[in-house]
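The lines below spell out each chain.
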2 protein chains.
Amino acid sequence: MPLDNLIDGRAIAEQIHQETAARVEALKRRGIQPGLAFVRVGEDPASKVYVGMKEKTSARLGIASRTRVFAADATQAELLAFIQELNADKSIHGILVQTPVPRQIDSTAVSEAVLPSKDVDGFHPANVGKLMLGATDGFVSCTPAGVHELLIRSGVRIAGAEVVILGRGMLVGKPLLAILLQKAPHADATVTLCHSRSRDIASHTRRADIVVAAMGVPEYLKADMIRPGAVVIDVGVNRIPDPAAKGGSRLVGDVDFARVQPVAGKITPNPGGVGPMTIAMLMRNTIRAAEMATK
Amino acid sequence: MPLDNLIDGRAIAEQIHQETAARVEALKRRGIQPGLAFVRVGEDPASKVYVGMKEKTSARLGIASRTRVFAADATQAELLAFIQELNADKSIHGILVQTPVPRQIDSTAVSEAVLPSKDVDGFHPANVGKLMLGATDGFVSCTPAGVHELLIRSGVRIAGAEVVILGRGMLVGKPLLAILLQKAPHADATVTLCHSRSRDIASHTRRADIVVAAMGVPEYLKADMIRPGAVVIDVGVNRIPDPAAKGGSRLVGDVDFARVQPVAGKITPNPGGVGPMTIAMLMRNTIRAAEMATK
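Keep in mind that what you see is a predicted model, and the values were worked out from it rather than measured.

**With respect to the overall build of chain A**
Working step 1: Each helix and strand counted, chain A has 10 helices and 10 strands in total.
Working step 2: Computed over C-alpha atoms, the radius of gyration of chain A comes to 19 Å, within 12% of the 19 Å expected from 2.2 N^0.38 for 295 residues, which places it in the range of a compact globule.
Working step 3: The principal-axis extents of the C-alpha atoms in chain A amount to approximately 55 × 45 × 35 Å.
Working step 4: Here chain A holds 295 residues, and 49% of them are scored as buried.
Working step 5: Across chain A, every contact between residues at least 6 apart in sequence was considered, and the portion connecting residues at least 24 apart equals 69%.

**Points about the pairing of strand 7 (residues 231–234) of chain B**
Residue and element names in this part refer to chain B.
Working step 1: Residues Val231 and Ile233 line one face of strand 7 and the alternating positions Val232 and Asp234 line the opposite face, and both faces are buried.
Working step 2: Here strand 6 (residues 210–213) runs beside strand 7; their pairing, made up of four bridges, is parallel. Note on strand 7: the bridge partner recorded for Val212 is Ile233.
Working step 3: Relative to strand 10 (residues 266–267), strand 7 runs parallel, the two sharing two bridges.

**Side note on the interface of chain B and chain A**
Working step 1: Of the residues lining the interface, 28 residues belong to chain B; the matching set on chain A comes to 28 residues.
Working step 2: When contributions to the side of chain B that touches chain A are tallied by element, the ones reaching two or more residues are helix 5 (125–133), helix 7 (173–180) and strand 5 (190–194) of chain B.
Working step 3: With eight residues, the top contributor of residues to the side of chain B that touches chain A is helix 5 of chain B.
Working step 4: When the residues that make up the side of chain B that touches chain A are grouped by side-chain class, the tally is 13 nonpolar, seven polar and eight charged.
Working step 5: Pairing analysis gives three bridges linking strand 5 (residues 190–194) of chain A to strand 5 of chain B, with the strands arranged antiparallel. Paired with Val191 of chain A across the bridge in strand 5 of chain B is Leu193 of chain B.

**Some remarks on the relation of the copies chain B and chain A**
Working step 1: Least-squares fitting of chain B to chain A yields an RMSD of 0.0 Å, with the superposition described by an axial translation of 0.0 Å and a rotation of 180°. Such values leave the two copies arranged in the relation of a two-fold axis.
Working step 2: In this assembly, 100% of the residues forming the interface of chain B have copies in chain A that are likewise at the interface, indicating an isologous arrangement.

**Some words on helix 10 (residues 274–294) of chain B**
Working step 1: Its 21 residues place the ends of helix 10 of chain B 31 Å apart at the C-alpha level, agreeing with the 30 Å of an ideal helix rising 1.5 Å per residue.
Working step 2: Most of helix 10 of chain B sits inside the fold, with 16 of its 21 residues counted as buried.

**Some thoughts on the sheet that holds strand 4 (residues 162–166) of chain A**
What holds strands together in a sheet is hydrogen bonding between their backbones, with the strands either parallel or antiparallel.
Working step 1: With respect to topology, 10 strands assemble into an open sheet ordered 10(A)-7(A)-6(A)-4(A)-5(A)-5(B)-4(B)-6(B)-7(B)-10(B), the strand pairing being mixed. The open sheet terminates on both sides in strands that have one partner only, identified here as strand 10 (266–267) of chain A together with strand 10 of chain B.

**Structural notes on unusual backbone geometry**
Working step 1: Looking along the chain, the bond that leaves Thr99 of chain A and enters Pro100 of chain A is cis, with omega of 0°.
Working step 2: Within the element layout of this structure, Pro100 of chain A appears in the loop between strand 3 (94–97) and helix 4 (107–113).
Working step 3: Its identity as a non-glycine residue notwithstanding, Glu219 of chain B has a phi of 50°, on the positive side.

**Here's the deal with the domain arrangement of chain A**
Working step 1: Considered domain by domain, chain A is made up of domain 1 (31–115) and domain 2 (142–275).
Working step 2: Taking only C-alpha atoms into account, the centre of domain 1 of chain A sits 28 Å from that of domain 2 of chain A.

**Comments concerning the nonpolar core**
Working step 1: By size, the foremost hydrophobic cluster in this structure holds 166 residues, and its most contacted members are Val212 and Val232 of chain A together with Val212 and Val232 of chain B.
Working step 2: Discounting chain neighbours no more than four positions away, the residues touching Val212 of chain B are Val147, Ile165, Leu166, Leu176, Ile233 and Val235 of chain B.

**Comments concerning the sheet that holds strand 1 (residues 35–41) of chain B**
Residues and elements named next belong to chain B.
Working step 1: Taken together, three strands build an open sheet; the order of strands is 2-1-3 and the sheet is parallel. The two strands at the open ends of the sheet, each matched to only one other strand, are strand 2 (64–70) and strand 3 (94–97). Each neighbouring strand pair of the sheet contributes to a mean axis angle of 15°, computed without reference to strand direction.
Working step 2: As paired strands, strand 1 and strand 2 are joined by seven bridges and run parallel to one another. Following the sheet pairing, Phe38 is matched in strand 2 by Thr67.
Working step 3: Relative to strand 1, helix 2 (residues 45–61) is tilted by about 170°, and along the sheet it contacts strand 1 and strand 2.

Criteria and cut-off values
- Residues numbered from 1 in each chain as written.
- Chains lettered and ligands numbered in written order.
- Predicted model: local features only at pLDDT ≥ 70, side-chain atom pairs only at ≥ 80, totals over all residues.
- Helix = DSSP H or I, 4+ residues; strand = E, 2+ residues; numbered from the N terminus.
- Rg over C-alpha atoms; globule rule 2.2 N^0.38 Å.
- Buried ≥ 20, exposed ≤ 12 C-beta atoms within 10 Å, placed from the backbone.
- Contact = placed C-beta atoms within 7 Å.
- Pairing = 2+ DSSP bridges.
- Nonpolar A, V, L, I, M, F, W, Y, C, P; charged D, E, K, R; others polar.
- Least-squares fit on C-alpha atoms with pLDDT ≥ 70 in both.
- Expected span 1.5 Å × (residues − 1).
- Domains from an automatic or database assignment.
- Core = buried A, V, L, I, M, F, W, Y, C linked by C-beta atoms within 7 Å.
- Axes fitted to C-alpha atoms, helices over the stretch in contact; angles between N-to-C directions.

Okay, here's the thing in structure tokens:
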């Protein structure tokens, strides 16, 4: 019997897309065309898929996007020079450099080159710092912002909750920590960040009201590691070998979904949970950038 | 019988001062005079004392300092204009605007006005963001950096330790969290941040290897709230009424020191623990700013 405790990321993302589309319309009525630039370096297959999805969603919401593809052997100087062009281009409100970039390019230098006011990925140190300081005029990176929205729109009480985040990456763990610990509406949680060097992760996850798994270990979170009724958010995207699957491998999350779902209070499916939210937040950040640049 | 478990902040700070003085000498041999500017607004008595102490320590270490005092009714524009002057002044390597500033001045705007490369207080969002991202080319704010040095120089094992921080202020709790959670030497801790909205703080402090009290509640941390042998760092500075004391009040920390000391493995006295470290880290940041600006 299917359980009714799924957090439907696709439906929530679609709701946010509708809100964003309405804001695009409002901008267009003022004669403003929101513009988003994608930059991709090399031919990483996953990056091509991701940028393609973002292009399609932009078009559907009425955001004008353009994509520049650099060869895999592009130099950092070439990339930075192009970012400067985009920084100066008034028709572009948001800039996204798809990660990963090839080895010869310093991804920190790339993040710092994007103008903070066009940094819709929320990777610039000034935006990370503003998030940590509790300022609300910066950009929050898309995946943690998406996790936050999933919790809010699923009616999960965050204030005062015990939250355990697994993984301290800059894409999810660290910024999500910064979001949830703030003295602010839909935040105010008591947050613990666990990682590869943590001693007894299960002792933390077992006491949590909300567990966010973002460490990149396939099906790491097991049913006996959570408290019955806990909310479980699975951010993991891991490719594992599977002879029965097409291509010999399949994608799994960081949660042992089949066994955890019956114990959890609410849980994200994966796919169909956090994934769609990342794009939704990117589009929302872009429209916010366009609004802020033109108000 | 006095216990031998005190972390002597004065002695450790003095050790760091000696190291800093040697670096000042090395700069002077290259013809460089490190310069630090203090800015104070109004006549807050505590601010006068703090700036006075920092001036004295600068002089002792061979750092040239100057102080500009604005009237309590100074405008934000006047203050920001002066900060721009200091930003452009090549003889000044570090800028410190003493907090608190009067109500008519937006302290966020002040933090953001200081050039990140002269922000020896580590308050600029770009420096906070770099700290969170694990970059090592920014400035870390002085009190959390001082707590970190106290732990390191007292031989406390941080990697893998369970750390509980009480208080989420931008002066201590948040940046200390960012320091200790990094994948880095003398970090790699499992960190929980508790605050006024946390549900059961004692359940966290009782499982901690290291407790840092920085919430600003007089003698909040009691002996039954820690595990025997835990390391306790008291960052609190609270003035409480005391008819027997000179002036009718005295300063106490966030730790019930007399009763916690016998249970703790190591503990900071207060005063004489974290306090002296803050100035030591300010001086060290200043000399680092001078080195970076002139290399």
